[in-house]
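Spelled out, the chains give:
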Amino acid sequence: MKRIVHHALFWPAVTLALLLVASSLSNASFLSLSWRDGHLFGSVIDILNRAAPLMVVSLGMTLVIAVRGLDISVGAVVAISAAVAALMIGGSFSATGEVHSDYPLWLALSAALAVAAACGLWNGLLVVKAGMQPIVATLILMVAGRGIAQLLTGGQIITVYYPPFFQLGNGFLLGLPVALWIAGGLWLALHLLLSRTALGLFVRSIGGNPEAARVAGVRSSAITLCVYTFCGFAAGVAGLIVSSNVKSADANNAGQLLELDAILAVTLGGTALTGGRFQLAGTVIGALIIQTLTSMIYSLGVPPEVNLVVKAALVFAVMLLQSAEFRGVVARVARGGSAA
Amino acid sequence: MTDGASIVLKARDIARAFPGVQALAGVELTLRAGEVHALMGQNGAGKSTLIKVLTGVYAPDAGSIELLGKPVTPESPIHAQELGISAVHQESHLLPNLSVAENICAGRYPRRPWKRGGGIDWPETERRARELLAGLGIELDVAQLAGGLPAALQQLATVARAVATDARVLILDEPTSSLDAEEVKALFALIRRLRDKGVAILFVTHFLDQVYEICDRMTVLRNGKFVGEYVCGKLDARGLVAAMVGREVAVAERSATPASAAAGEHAPVLAANNLSRRGQLKPVDIELRHGEVLGLAGLLGSGRTELARLLFALDKRDSGDIRIDGQAAKLDDPADALKLGLGFCPEDRKHSGIVAELSVRENIALALQARMGLGKFLTLTEQRQIAEKLVAALGVKTASIETPIGQLSGGNQQKVIIARWLATHPRLLILDEPTRGIDVAAKQELMQEILGLARGGTAVLFISAEIEEVVRVSDRIMVLRDRAKAGELPPGADEDAVYSMIAQADPGHHLAPPAGS
């Protein structure tokens, strides 16, 4: 029992469970699942599908934070990736009524991901080679990136007409959303990479004590560079899912404030913002907590004007629940109460 | 002092446990007015924990503390200070950007009356600080910024600050570890003046000679338990070490014929020509052979650490070719050095040695894994085997190899860092102050280990501020002075020879001082 309570994922999991219970109390059909059109259907599936982009971005963010960094440009990179993909796929109707993409789908997707990874590499170079503070280095791309996306799209919302692309954000595979498979696959790949190779040890040593890692011969710069590049790549994947989901690219709004949700998801999942210890599975749970909160607010019918205030209040409550200090105070008060 | 001296502080039957470790059990401590009392023990014996209990950092699990006959329970360092128990820690903690007077009165600045506008009375602050320092016989300009003072004066000012609150008990935790002989003398003069004023002083150090110089009594701890209280005159150094260790200690001696004798025909493991870095080291030549311990001696700031860092490519060199086994080597960053079979135990363990939150096993595996790269992964089983073997070989005291290294005592952390490099089977191991802050027995074990390494064919560059240690383990000794090579001493040179070379008293070297100093 004690081992379960002290497991790093215990409190994130408890938080998520409480939110799910609260949701099902306010909406009796919340937890019900049914089979429709050859796939699972229900609020929970909807949450999993919508949470996928955030999960993907947050996984990249987890590693960046683990090496004592921060990437606040991920939202802008989502927009860039979405814009590149939408522009290259586009779609036009042929005489027979069939839709063709402007470039082959694989090429468009690869190009979008390559551009996103290049954005990550740029961030990494600023941090590692130019020695900038991560928050300042990535602030540059946060501002400039959205500008680049707008430049690409000419300030317009680019609509995509090519149906195969829609599968990423709307399709189902074996009864579950494709987006969820992508996020799950990425998590599994990262998990294996970090636990079955030395990468996990290197990342934790760089985050724990960068100077000691360097003295021990760890190639900290190269690894940090890779981590930022991967974070950009992950934001690119999220951009593809988002633009596929809405069948268009909106340079102004795609991925807006996603960087903050991602940092929140990482924190909720139990990764220390000071670097070193990280929890990939915790991050996934953190992303689910945020999406469940958002869905809950909608389903409760909270008016849009107070939406953000309600969300802030809920996030505050969640953070309190996860704070060991706060739980200690509560426990002391409870003990003191029973003693008196 | 006599047995009749009045008892100021009496701690009885103190116990304190941490997860997996009983840090203190049944510990007794009696401090008397006007006496200097030494607290002795190896690393991990419980000295720091006892001090933290006395100063209210930790609450004891059991036991009582009496101050002037009244039971007290210090709840925090500030509370302890209010009770009259002050402590000065290893590195002085003055705020560098404040003046000496501001530092001394920090937290209890004299106020001006409200009628005159309130606020802090700065002239009064300076007056009080001057008065305190004068009373202690310390000559110091109180308006000067503390950060600009030499380490020794900072240390004196810290002691002054500690006793400014009318301390009845003053705890000095390794106050001399970063001071040179002259500075120690000044500190001891201050300690004696405080003693004569009736302050009870608890003195913690690893330097046995200092204990005998200044202390009246001592309390010895071993593995968290009370071994005994002794009058200094009645227990000699040998007996003291035996009490601390629990057995007699063998003294490491270098073998009469170094293992390098047979290595003459090989190219040196490492040869560097003209190695320099602006502002840190003037051009130096250095050569290390298989199985040889090269001692590097010199005063603080003579360029010892700088030379080591250049060899391991932690800093970029401005000039110099480095040859490994006779081959010109690409050596531009620590990862290159690791690939070439070099190892480096840094001087500053906390900042550049340990990764505190990682386990002992992970800390040991780190360098070996870094050399193997990402492609090949040491499995958990392999990591465990390596860690278990080295922990046993070096006698690291840890609850398990999965314990975070940050929870180990300083000496044990040092052993783990050495284990990290032994795991890579280095051909050259650079040890920068490996014995700093670790106890007598651990020092002996470490030096045995170094000699054992050299016998196995590893070249060792041994850097230490303690000349006696350098002389004891080294085959050859290189002396640095003013960031340049002062000279080299052959096998068999004694401490005096090293000192005279450092002091430039050797006439042969006197005539040829390093250029451009």
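In this text the structure is predicted, and so the values were computed from the model without any measurement.

Analysis parameters
Residues numbered from 1 in each chain as written. Chains lettered and ligands numbered in written order. Predicted model: local features only at pLDDT ≥ 70, side-chain atom pairs only at ≥ 80, totals over all residues. Helix = DSSP H or I, 4+ residues; strand = E, 2+ residues; numbered from the N terminus. Buried ≥ 20, exposed ≤ 12 C-beta atoms within 10 Å, placed from the backbone. Contact = placed C-beta atoms within 7 Å. Nonpolar A, V, L, I, M, F, W, Y, C, P; charged D, E, K, R; others polar. pLDDT = per-residue confidence, 0-100. Pairing = 2+ DSSP bridges. Expected span 1.5 Å × (residues − 1).

### Thoughts on the overall build of chain A
Then, in step 1: Of regular secondary structure, chain A possesses 15 helices and 8 strands.
Then, in step 2: Reported as C-alpha extents along the three principal axes, the dimensions of chain A are approximately 85 × 60 × 40 Å.
Then, in step 3: Taking all 340 residues of chain A together, the buried fraction comes to 46%.
Then, in step 4: Across chain A, contacts joining residues at least 24 apart in sequence account for 76% of those joining residues at least 6 apart.

### Observations regarding the overall build of chain B
Then, in step 1: Each helix and strand in chain B was counted, giving 18 helices and 20 strands.
Then, in step 2: When the backbone C-alpha atoms are referred to their principal axes, chain B occupies close to 80 × 55 × 45 Å.
Then, in step 3: Every one of the 517 residues in chain B was classed for burial, and the buried ones make up 48%.

### Topic: the interface of chain A and chain B
Then, in step 1: Each partner contributes residues to the interface: chain A has 20 residues there, and chain B has 25 residues.
Then, in step 2: Elements with a minimum of two residues in the side of chain A that touches chain B: helix H9 (199-208) and helix H10 (210-215) of chain A.
Then, in step 3: Considering only residue class, the side of chain A that touches chain B consists of 8 nonpolar, 6 polar and 6 charged.

### Some words on the confidence of the model for chain B
Residue and element names in this part refer to chain B.
Then, in step 1: Chain-level statistics for chain B give a pLDDT mean of 84 and a share of 92% at 70 or above.
Then, in step 2: Low pLDDT (under 50) marks residues 505-517, which in the prediction has 16 contacts with non-local residues, meaning those over four places away or in another chain.
Then, in step 3: Across the assembled chains, the prediction reports ipTM 0.84 with pTM 0.75.

### Quick notes on the pairing of strand E17 (residues 428-432) of chain B
Residues and elements named next belong to chain B.
Then, in step 1: Summarising burial for E17: 5 of the 5 residues are buried, a large majority.
Then, in step 2: Neither face of E17 is left uncovered, since the one carrying Leu428, Ile430 and Asp432 and the one carrying Leu429 and Leu431 both have all their residues buried.
Then, in step 3: Note that E17 and strand E18 (residues 459-463) share 5 bridges and pair parallel. Its bridge partner being in E18, Asp432 is matched across the sheet by Ile463.

### Some thoughts on helix H11 (residues 220-246) of chain A
Then, in step 1: Its 27 residues give H11 of chain A an end-to-end C-alpha distance of 39 Å, which sits within 8% of 39 Å, the value for a rise of 1.5 Å per residue.
Then, in step 2: Immediately downstream of H11 of chain A, the backbone of Lys247 of chain A shows phi near 60°, a positive value.

### Considering the environment of Trp181 of chain A
Residue and element names in this part refer to chain A.
Then, in step 1: Looking at where Trp181 falls in the secondary structure, it is placed in helix H8 (residues 178-196).
Then, in step 2: Overall, the presence of 15 C-beta atoms within 10 Å leaves Trp181 in the partly exposed class.
Then, in step 3: Residues Trp181 and Val318, 137 residues apart in the sequence, show an inter-C-alpha distance of 27 Å.

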